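Residue strings, one per chain:
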Amino acid sequence: MKRLLYISFLLLPLCMNAQTEAMYSQYLFNKLVLNPAYAGSRGALNFAAFYRRQWIGIPGSPETMTFLIDAPLFDEKVGLG
């Protein structure tokens, strides 16, 4: 029984798969992703697009793409993003 348990723990990492956490390098320009309450706070319709590729040239390297739109509504009392 112990032997089967040891073998299963050795083979476990070979069959697992996971999604990586999104990486953002420009937090200064990407406040809506970090805090949804930021939507509509600038008082105008805003569009933003971000693309980040880590470890260029390595197959399967992480990529992060983001497209944001936010705007104030109802005389700037509500923000939609």
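As a reminder, the structure under discussion sits directly above these lines.
Remember, it's a predicted structure, so these values are computed and weren't measured experimentally.

> Residue-level account of the sheet that holds strand β2 (residues 63–73), with values.
In sheet architecture, strand pairing relies on hydrogen bonds along the backbone and comes in two forms, parallel and antiparallel. The strand order β1-β2-β3 describes an open sheet built from 3 strands, whose pairing is antiparallel. Among the strands making up the open sheet, the edge pair consists of β1 (46–53) and β3 (78–80). Averaged over all pairs of adjacent strands, the angle between their axes in this sheet comes to 20°, without regard to strand direction. Where β1 lies against β2, 8 bridges are found, and the strand directions are antiparallel. Its bridge partner lying in β2, Arg-53 is registered against Glu-63.

> Tell me about the pairing of β2, and please be specific about residues and values.
Two elements, β2 and β3, share 3 bridges in a ladder whose sense is antiparallel. Bridge assignment links Leu-73 to a residue of β3, and that residue is Val-78. Taking the residues that link successive antiparallel strands as the turn, the β2-β3 hairpin has 4 residues, and the phi of Phe-74 there is positive, at about 55°.

Calculation rules
- Residue positions within a chain follow its written sequence, with the count starting from 1.
- Only residues with pLDDT of at least 70 get local features here, since the model is predicted, and only at 80 or more are side-chain atom pairs given and counted; chain-wide, interface and lining totals rely on the full set of residues.
- For side-chain calculations, the full set of non-hydrogen atoms in the structure is used, while hydrogens and water are omitted.
- Here, any two strands with at least 2 DSSP bridges between them count as paired.
- By definition, any uninterrupted DSSP run of H or I lasting at least four residues is a helix, any uninterrupted run of E lasting at least two residues is a strand, and each is numbered from the N terminus.
- Only the stretch in contact is used when a helix axis is fitted, and all axes are lines through C-alpha atoms; the angle between N-to-C directions ranges over 0 to 180 degrees.

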